[in-house]
Amino acid sequence: MPAHHYKPIDILGWLSLALLTIAISRYSNIDLTVSSWFYDASTSSFPLKDTFLFSRVFHDGTRKISTGLWLLCCFFTWRSRRTEAFFGWLFVVITALLAVTINGWFKHHSMHSCPWSLTEFGGSADYFRAFESLPAIPGPGRCLPSGHAAVGFMWIPLIYACALWRPQYLRKALLIIVPFALFCGGIQVARGAHFVTHVMWTAVICGLTTSLSFHAYQYRAYIGTALSHIGQRLHAETVR
């Protein structure tokens, strides 16, 4: 088992990214500007939306790759169940699934619509920024954060696992996972499915989920002791 602990200062990094995302959404036109690069006003559509390369190869392909890799990690977890590597693989499997689930929950309950549904890009829904009042016609919603970007950002747990259990692979994990995650998010921006900040929110959610899980695992003994003391105090108050 790893003998060292990482301080939870990385949580501040993810919170800073969240603040940056809010600032970009509320006080800049980066979302609209970047999406306009991929929009064809003459046809009132995003030309790359339904192309075979972006829709079938990039979008569907990356999703299948991530699903296959997650199942492979499940196999590695089972195979290493009697070794020191078990907890590392288990952390990756559980936290990746948790990150995708939480990201999906936020997306399902979001009132923000996708760019291709907005009046600015040939749709009928009204555009509104982060934490603004709901417009008259918000549209179908369910588009923030990006669901497909989570296909890439769900692998942030592997970076954390390498840092703790296999630090010699940390650099390689970063060089593979970060570009892959940005690519998955970029695909959807190019297709008109999401804004840049939608992708950034996915990174924040997956990153914070991973960070909190990671440090909870590291300090599980302290957390368990604290919860035990709280339980004992509550019990003592009850029996008085």
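Residues numbered from 1 in each chain as written. Predicted model: local features only at pLDDT ≥ 70, side-chain atom pairs only at ≥ 80, totals over all residues. Heavy atoms only, no water.

## Re the overall build of the protein
Counting its regular elements, the protein contains nine helices and zero strands. In the protein, the order of α-helices and β-strands from amino to carboxyl end is α-α-α-α-α-α-α-α-α. Taken over the C-alpha atoms alone, the protein extends approximately 70 × 50 × 25 Å along its principal axes. Burial analysis of the protein (240 residues in total) assigns 43% to the buried set. For the protein, the accessible area works out to roughly 13,300 Å², and carbon and sulfur atoms hold 68% of it. Of the side chains in the protein, 19 bear a positive and 10 a negative charge, and the two mean positions are spaced by 14 Å. (Helix = DSSP H or I, 4+ residues; strand = E, 2+ residues; numbered from the N terminus. Buried < 20%, exposed > 50% of the residue type's maximum accessible area, 1.4 Å probe, protein only. Areas by Shrake-Rupley, 256 points an atom, 1.4 Å probe, with all protein chains shown as cover. Lys, Arg positive; Asp, Glu negative; His and termini not counted. Charge placed at Lys NZ, Arg CZ, Asp CG, Glu CD.)

## Some thoughts on the environment of Ser-80
Within the fold, Ser-80 resides in the loop between α3 (52-79) and α4 (86-108). For Ser-80, a relative accessible area of 8% corresponds to the buried category. Taking the C-alpha atoms as reference points, Ser-80 and Phe-58, separated by 22 residues in sequence, lie 32 Å from one another. A distance of 2.8 Å separates a polar side-chain atom of Ser-80 from the backbone oxygen of Phe-76. At a separation of 3.3 Å, a polar atom in the side chain of Ser-80 contacts the main-chain carbonyl oxygen of Thr-77. (Polar contact = N/O pair within 3.5 Å; in protein donor to acceptor, adjacent residues only side chain to side chain.)

## Quick notes on the packing of aromatic side chains
For the structure shown, the criterion picks out 17 aromatic pairs. For the ring pair Phe-46 and Phe-121, a centre distance of 5.4 Å and an interplane angle of 45° mean the geometry is tilted. With Phe-46 in the loop between α2 (30-37) and α3 and Phe-121 in the loop between α4 and α5 (150-153), this pair connects stretches of sequence that are 75 residues apart. Ring centres of Phe-91 and Trp-165 lie 6.1 Å apart, and the angle between their planes is 40°; this geometry places the pair in the tilted category. Placement of the pair is Phe-91 in helix α4 and Trp-165 in helix α6 (residues 156-165), with a sequence separation of 74 residues. Note on Trp-165: relative accessible area 9%, which makes it buried. An aromatic cluster is present here, built from Tyr-6, Phe-91, Tyr-160, Trp-165, Phe-214 and Tyr-217 joined pairwise through their rings. The ring of Trp-116 is capped by Lys-49, whose NZ or CZ atom sits 4.3 Å from the centre of that ring. (Phe/Tyr/Trp six-rings, centres within 6.5 Å; stacked < 30°, edge-to-face > 60°. Lys NZ or Arg CZ within 6 Å of the ring centre and 35° of its normal.)

## Observations concerning the pattern of salt bridges
What the rule picks out here adds up to two salt bridges. For Asp-60, the salt bridge goes to Arg-56, with nearest N and O atoms at 3.3 Å. Linking Asp-60 with Arg-56, this pair stays in helix α3, spanning four residues, or about one helical turn. In this structure, the salt-bridge partner of Asp-60 is Arg-63, at a minimum N-O distance of 3.4 Å. Of this pair, Asp-60 and Arg-63 both sit in helix α3, three residues apart, which is roughly one turn of the helix. Its relative accessible area of 40% is what places Arg-63 among the partly exposed residues. Sharing partners across several salt bridges, the network here consists of Arg-56, Asp-60 and Arg-63. (Salt bridge = Lys/Arg side-chain N within 4 Å of Asp/Glu carboxyl O.)

## Examining the layout of surface pockets
Leftover empty space is mapped by rolling, across the atoms, a probe with the size of a water molecule. The volume enclosed by the largest pocket comes to roughly 540 Å³. For the largest pocket, the lining is made up of 20 residues, of which Cys-73, Trp-89, Leu-158, Cys-162 and Ala-173 are closest to its centre. Mapped by element, the contributors of at least two residues to the lining of the largest pocket are α3, α4, α6 and α7 (170-191). The dominant element in the lining of the largest pocket, judged by the number of residues it contributes, is α7, at five residues. Approximately 330 Å³ is the volume attributed to the second largest pocket. Lining of the second largest pocket is provided by 13 residues; of these, Phe-106, Phe-131, Leu-144, Pro-145 and Trp-201 occupy positions nearest its centre. When residues of the lining of the second largest pocket are assigned to their parent elements, the largest contribution, three residues, is made by helix α8 (residues 196-218). Among the residues forming the lining of the second largest pocket, the class breakdown is 10 nonpolar, three polar and no charged. (1 Å grid on protein atoms, 1.4 Å probe; cavity = no way out; pocket = protein on both sides within 12 Å on 5 of 7 lines; lining within 4 Å. Points joined across faces, edges and corners; volume = space filled by probe spheres on them. Nonpolar A, V, L, I, M, F, W, Y, C, P; charged D, E, K, R; others polar.)

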